[in-house]
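Coordinate analysis (summary)
Chain by chain, the residues run as shown.
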Amino acid sequence: MIGPAHRNARYRKLLALWSAHPIWASIMQETSSKTVSVTFDRLGLSSVCKVAAALANALNLGDCVVLAGPLAAGKTTFVQALARALGETDPITSPTFTLAHFYSRGRLPLLHVDAYRLENVHDFTDLALDDFYDTHVTAIEWGEKFSSALPPAYRVELTPDGDKTRRLTLSAPGEEYIGLNSVVGVLQG
Ligand SMILES: Nc1ncnc2c1ncn2[C@@H]1O[C@H](COP(=O)(O)OP(=O)(O)O)[C@@H](O)[C@H]1O
Ligand SMILES: [Mg+2]
């Protein structure tokens, strides 16, 4: 079993690898005691979907992914690609009006939430979604509004930075090892 100290050592190794590789010159890394982040600039739609698929491959039951970014940034699109990579075969539709959708055909069950229309943390906790966190991967658009009510989460921030391109920052909670090197690697090919 890999303990936190070993994980921290692996982070440091990964970060050294990132900075050594030419393609990663454009990738900003941030570390703190709590998170590890990687930022990609000017990703086209297919690259965003590749990052989503790579993250999906690293997810485990009980993991939570918060998606941030303005309207039409690509949050739902990212979750669609993530769900496909988990093996989900049902159509993934936006839960903006229905708040939460459940999917169960993939490698891991997926709970897809859109918190855009929820005004305060009580509206959010009233949904009692926490009953499902342990038994699903939870992907929650606009989830940063209610991060105090969520378990430690991966964070995906999407921001338009050109015609049909996005700046994407992916952060992992510090005690998790998600193989961010494989996420970076998928963009090399
Ligand atoms: N590089 C890109 N990454 C993600 N989405 C993109 C990109 N380029 C164009 N798009 C389009 O932007 C739209 C994003 O919509 P959506 O995923 O519903 O956004 P959100 O859920 O953030 O409101 C989709 O039509 C998608 O095809
Ligand atoms: Mg959306």
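Here is a short report on the structure shown in this document. Throughout, residues of each chain are indexed from 1 in the direction in which the sequence is written. For this description, chains carry letters from A and ligands carry numbers from 1, given in the order in which they are written. At least 70 in pLDDT is required for a residue's local features to be given in this predicted model, at least 80 for side-chain atom pairs to be given and counted, and no such filter applies to totals for whole chains, interfaces and linings, which use all residues.

Any residue whose backbone-placed C-beta atom lies within 6 Å of a molecule or strand is treated as near that molecule or strand. Taken together, 17 residues lie around ligand 1, and Val-48, Gly-74, Lys-75, Thr-76 and Thr-77 are the ones closest in. Secondary structure counts use DSSP, requiring at least four H or I residues in a row for a helix and at least two E residues in a row for a strand, with both numbered from the N terminus. Of all the elements in the fold, those that place two or more residues in the shell around ligand 1 are helix H2 (45-58), helix H3 (75-86) and strand E8 (165-173). Considering each element in turn, the shell around ligand 1 owes the most residues, three residues, to H3. Three classes are used: nonpolar for Ala, Val, Leu, Ile, Met, Phe, Trp, Tyr, Cys and Pro, charged for Asp, Glu, Lys and Arg, and polar for all others, with Gly counted as polar. When its residues are assigned to classes, the shell around ligand 1 shows six nonpolar, seven polar and four charged.

We now examine H2. Owing to its 3.6 residues per turn, the α-helix brings residues three or four apart onto one side. Residue count minus one, scaled by 1.5 Å, sets the expected span of a helix. With 14 residues, H2 should cover 20 Å at 1.5 Å per step; its first-to-last C-alpha distance of 20 Å lies within 8% of that length. Three exposure classes are used, based on other C-beta atoms lying within 10 Å of a residue's own C-beta, which is placed from the backbone: buried for 20 or more, exposed for 12 or fewer, and partly exposed in between. Within the span of H2, buried status applies to Val-48, Cys-49, Val-51, Ala-52, Ala-54, Leu-55 and Ala-56.

Our next topic: the environment of Asn-60. For Asn-60, the position within the fold is in the loop between H2 and strand E3 (64-68). Remark: the alpha-carbon pair of Asn-60 and Val-137, spanning 77 residues in sequence, is separated by 7.1 Å.

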